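The residues making up each chain are set out below.
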Amino acid sequence: MTHFEMELEKLKDVIKKIGNLAVSQVGESVKALLFEPIEGKEVKKTEMKIDKLDVKIDEICQSIFALQQPVASDLRFIMASLQISNEIERIGDLAVSVIKRAKNIKEKHDLISKFEIVDLAKEVELITAKANECLSTQDEKTISEILTLKKSIKSKGDIIIEHIIEEMKAHSKVVVSGTNLVIALKHLERISDHCSNIAEYVYFMVNAKIIKHEKHEDLNIDKLE
Amino acid sequence: MRDIKIQVNDLSLYYGEKKALNNISMQIPANKVTALIGPSGCGKSTFLRCINRMNDLIPSVKITGEMLVEGVDIYDKNVDVVNIRKKIGMVFQKSNPFPKSIYENVAYGPRINGLKDKTQLDEIVETSLRQAAIWDEFKDRLDDSALGLSGGQQQRLCIARTLAVSPDIILMDEPASALDPISTSKIEELVHELKEQYTIIIVTHNMQQAARTSDHTAFFYMGELIEMGKTNAIFTKPEKKQTEDYITGRFG
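Residues numbered from 1 in each chain as written. Chains lettered and ligands numbered in written order. Predicted model: local features only at pLDDT ≥ 70, side-chain atom pairs only at ≥ 80, totals over all residues. Heavy atoms only, no water.

K.L.:
What is the right way to read the overall build of chain A from this model?
P.N.:
In terms of regular secondary structure, chain A is built from seven helices and zero strands. Taken from the N to the C terminus, the helices and strands of chain A come in the order α-α-α-α-α-α-α. By the compact-globule yardstick of 17 Å for 225 residues, chain A fits well, its C-alpha radius of gyration being 19 Å. Seen through its principal axes, chain A has C-alpha atoms that stretch 65 × 40 × 20 Å. Per-residue burial over chain A gives 50% buried out of 225 residues. By sequence separation, contacts in chain A at least 24 residues apart represent 80% of the contacts at least 6 residues apart. Entry remark: accessible area of chain A is about 11300 Å², with carbon and sulfur atoms responsible for 54%. Between the centroid of the 34 positive side chains of chain A and the centroid of its 39 negative side chains there is a distance of 4 Å. (Helix = DSSP H or I, 4+ residues; strand = E, 2+ residues; numbered from the N terminus. Rg over C-alpha atoms; globule rule 2.2 N^0.38 Å. Buried < 20%, exposed > 50% of the residue type's maximum accessible area, 1.4 Å probe, protein only. Contact = heavy atoms within 4.5 Å. Areas by Shrake-Rupley, 256 points an atom, 1.4 Å probe, with all protein chains shown as cover. Lys, Arg positive; Asp, Glu negative; His and termini not counted. Charge placed at Lys NZ, Arg CZ, Asp CG, Glu CD.)

Given below as structure tokens:
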């Protein structure tokens, strides 16, 4: 293995680590939202680890750009890595925000079961796992599944939020919990957006085609399903 | 490519029995820089030398196919090779100034072409040195020996000497490979400026140099043209795996 290839392997390793940490953070946030509030200590520690790895990825990429002048697929991998680590870091932050919001939802059990939030939360966990998976497999089918999941999460979230607002209008005592729940759901939706951004960067890495800001209906990857 | 300067059709070259270039077909656009890249022995320098018939000097060489420069096959028996080399100048890896003054180096070509008028010669020397971006450095020392110049200056003087006979096409065979980064950057900058007026073809082992200086890149391997395309495309998304492997350093 050349020195350059070793640097690329190092970068892949760090991305794998930061991706796994994000999956675990989202898992914790879903747990906190659906079940009981969780102790923030571990989550905080993981958040710090994610931040450190994010900086490390920036440093490795900077050094590869300066010293190795990467081209073609190597160049795309490093460009995508910089963006992906940024997306993952945001996922980590949002997961922590969900955990914080979850603490302020008192009538949790009632609200969660009434509005079918479990399905949505499970889909967010799934999309995060798939985004992490496609980082190493670079599999186009997984990319396509992520883009579909994102749409499903968005439409489910919109309907649920509408219902929660109706509930808040009817019963003022749930306004505080309802508001926190709406914000938490919006955070989950943003997490799925970041996951789909990751999928778009992986697509760019593999196919050298930039698909962000595009309607994914136009892409062949939708037809892979 | 709109304005084609050189059209190559099925060009093959043999050194005796050995086929060193295998059915090369390509189009080289006018007023652009085309870089030829590939590992040692891939045929890129041999191909470059075909463009001004430098390979004629090697007795065992046989060439088939066509090399059309502005539509004229330069290997046609009615073509005057001296005229071809006037039209197609060449700069080599190792700077090779004549053991003469700076002035005489540049004036040499026009002089052997019959120009005697001192004013006209002065004019050509100044214009050529200006085009090669070394007039300011050399204007007060035109009578100094060219052999006393640094490698980078010698190479730029050789470029000026090439420009003095008003070629259309300039062939460069690793023109900066023996130079320090500052001289290299001056040569690369010069290549950029010269393409306004000349068609430039450059052979280089330095991938970044090809990426920085050229508009089109052709990748040669074992006597074959594997891929040619816009430099931006070759260095971001080459179509052939062999090209990708070569430019990313994973060859062989």
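K.L.:
Would you explain the interface of chain A and chain B in this entry?
P.N.:
Think of interface size as the accessible area that goes away when the parts come together; that is how it is often given. In this assembly, 12 residues from chain A lie in contact with nine residues from chain B. Taken over both partners, the interface formed by chain A and chain B buries close to 820 Å², and the fraction arising from carbon and sulfur atoms is 50%. Remark: the boundary between chain A and chain B carries two salt bridges. In this structure, A:Glu5 and B:Arg250 form a salt bridge, with 3.4 Å as the shortest nitrogen-oxygen distance. Remark: the boundary between chain A and chain B carries six residue pairs in polar contact (both at pLDDT 80 or more). Where the side of chain A that touches chain B is concerned, the elements lending two or more residues are helix 1 (3-34) and helix 3 (72-103) of chain A. Among the elements that make up the side of chain A that touches chain B, the one with the highest residue count is helix 3 of chain A (five residues). Residues of the side of chain A that touches chain B, tallied by class, amount to six nonpolar, three polar and three charged. (Buried area = accessible area lost by both parts, 1.4 Å probe. Salt bridge = Lys/Arg side-chain N within 4 Å of Asp/Glu carboxyl O. Polar contact = N/O pair within 3.5 Å; in protein donor to acceptor, adjacent residues only side chain to side chain. Nonpolar A, V, L, I, M, F, W, Y, C, P; charged D, E, K, R; others polar.)

K.L.:
What is the right way to look at the sheet that holds strand 1 (residues 4-15) of chain B in this model?
P.N.:
By definition, the strands of a sheet pair up through backbone hydrogen bonds, in either a parallel or an antiparallel sense. All names here are of chain B. A sheet is described by the order of its strands in space; here four strands give the open sequence 2-1-4-5, paired in antiparallel fashion. The open sheet has two free edges, formed respectively by strand 2 (18-29) and strand 5 (72-73), since each of these has just one partner strand. Sheet topology note: the strand 1/strand 4 (residues 61-69) ladder contains eight bridges and is antiparallel. Bridging from a neighbouring strand, Tyr-15 pairs with Val-61 of strand 4. (Pairing = 2+ DSSP bridges.)

K.L.:
Even after reading the chapter, I still don't get the pairing of strand 9 (residues 216-221) of chain B, so can you show me in this structure?
P.N.:
Look at any regular strand and the pattern is simple: side chains alternate between the two faces of the sheet. Residue and element names in this part refer to chain B. Within strand 9, five of the six residues are buried, which leaves the element mostly enclosed by the surrounding structure. Relative to strand 9, strand 3 (residues 33-37) runs parallel, the two sharing four bridges. Bridge assignment links Ile-37 to a residue of strand 9, and that residue is Phe-219. The sheet contact formed by strand 9 and strand 10 (residues 224-230) spans six bridges and is antiparallel. Of the residues in strand 10, the one forming a bridge with Ala-218 is Met-228. Hairpin remark: strand 9 followed by strand 10, antiparallel, with two residues in the connecting loop; positive phi at Met-222, about 50 degrees.

K.L.:
Where do I start with the UniProt feature "domain: PhoU" (unreviewed entry) in chain A in this structure?
P.N.:
All names here are of chain A. What UniProt calls "domain: PhoU" (unreviewed entry) maps, in this numbering, to residues 15-101 and 118-202. For residues 15-101, the end-to-end C-alpha separation is 28 Å, with 91% helix and 0% strand making up the annotated structure. Helix makes up 93% of residues 118-202 and strand 0%. Its end C-alpha atoms lie 29 Å apart. (UniProt positions renumbered as here; feature names shortened; annotations may be inferred.)

K.L.:
Where do I start with the confidence of the model for chain B in this structure?
P.N.:
Caution applies to low-pLDDT regions: their predicted coordinates should not be interpreted in detail. Summary statistics for chain B give a mean pLDDT of 94 and a share of 99% for residues scoring 70 or more. Reported for the predicted complex are a pTM of 0.85 and an ipTM of 0.75. (pLDDT = per-residue confidence, 0-100.)

K.L.:
I'm lost on unusual backbone geometry in this one. Help?
P.N.:
Excluding glycine, a negative phi dihedral is what most residues carry, and trans is how most peptide bonds are arranged. Non-glycine residue A:Ala208 carries a positive phi angle of around 60 degrees. Mapped onto the elements, A:Ala208 comes out in the segment after helix 7 (175-207). Residue classification places A:Ala208 among the partly exposed positions, given a relative accessible area of 26%. Phi is positive for B:Ala133, close to 60 degrees, though the residue is something other than glycine. In this structure, B:Ala133 sits in the loop between helix 4 (118-131) and helix 5 (135-138).

K.L.:
Which parts of the structure should I look at to understand the UniProt feature "domain: ABC transporter" (unreviewed entry) in chain B?
P.N.:
The feature "domain: ABC transporter" (unreviewed entry), as given by UniProt, occupies residues 6-247 of chain B in the numbering adopted here. As annotated, residues 6-247 of chain B comprises 37% helix and 27% strand, and the C-alpha atoms at either end are separated by 25 Å.

K.L.:
Would you take a moment to explain the nonpolar core for this structure?
P.N.:
If you look at the biggest cluster of nonpolar residues, it comprises 69 residues, and the most contacted ones within it are A:Leu11, A:Leu33, A:Ile117, A:Leu181, A:Leu185 and A:Ile191. Elements represented by at least two residues in this core include exactly helix 1, helix 2 (40-68), helix 3, helix 4 (108-114), helix 5 (117-137), helix 6 (140-170) and helix 7 of chain A. In this view, A:Leu11 contacts A:Ile57, A:Ile60, A:Cys61, A:Ile64, A:Phe77, A:Ile78 and A:Ser81; residues no more than four positions away in its chain are not counted. B:Leu129, B:Ala176, B:Ile187 and B:Tyr246 belong to the second largest nonpolar core, which has 45 residues in total. (Core = buried A, V, L, I, M, F, W, Y, C linked by side-chain atoms within 4.5 Å.)

K.L.:
Whenever I open this one, the packing of helix 1 of chain A against helix 2 of chain A confuses me. Can you help?
P.N.:
Geometrically, a packed helix pair is captured by the angle between its two axes and the distance between the axes. Residues and elements named next belong to chain A. Relative orientation of the contacting elements helix 1 and helix 2 amounts to 155 degrees, with a least axis distance of 9 Å. In terms of their interaxial angle, helix 1 and helix 2 are classed as roughly antiparallel. In this structure, helix 1 crosses over helix 2, and the sense of that crossing is left-handed. In terms of residue class, the contact of helix 1 with helix 2 is made up of 15 nonpolar, six polar and eight charged. (Axes fitted to C-alpha atoms, helices over the stretch in contact; angles between N-to-C directions. Parallel < 35°, antiparallel > 145°, perpendicular 65-115°, else oblique. Left-handed = near helix turned anticlockwise from the far one by under 90°.)

K.L.:
Mind showing me how you'd approach the side chain of B:Glu244 here?
P.N.:
With respect to the helices and strands, the residue B:Glu244 is situated in helix 10 (residues 241-247). In this structure, B:Glu244 is buried with no salt-bridge partner, the nearest side chain bearing the opposite charge being A:Arg76 at 5.1 Å.

K.L.:
Explain the pattern of salt bridges here, please?
P.N.:
Pairs can form between side chains of opposite charge whenever their charged atoms are close. Residues and elements named next belong to chain A. Inspection of the entire model under this criterion finds 32 salt bridges over all chains. Lys-114 is the partner of Glu-167 in a salt bridge, and the nearest nitrogen-oxygen pair spans 2.9 Å. Pair noted here: Glu-167 is in helix 6 and Lys-114 is in helix 4, with a separation of 53 residues, a long-range link. On the basis of relative accessibility, which here comes to 14%, the residue Glu-167 falls in the buried class. Here Lys-186 and Glu-189 are joined by a salt bridge, their closest N and O atoms 3.4 Å apart. Pair noted here: Lys-186 and Glu-189 are both in helix 7, with a separation of three residues, about one helical turn. Through salt bridges with shared partners, one network takes in Lys-154, Asp-158, Lys-186 and Glu-189.

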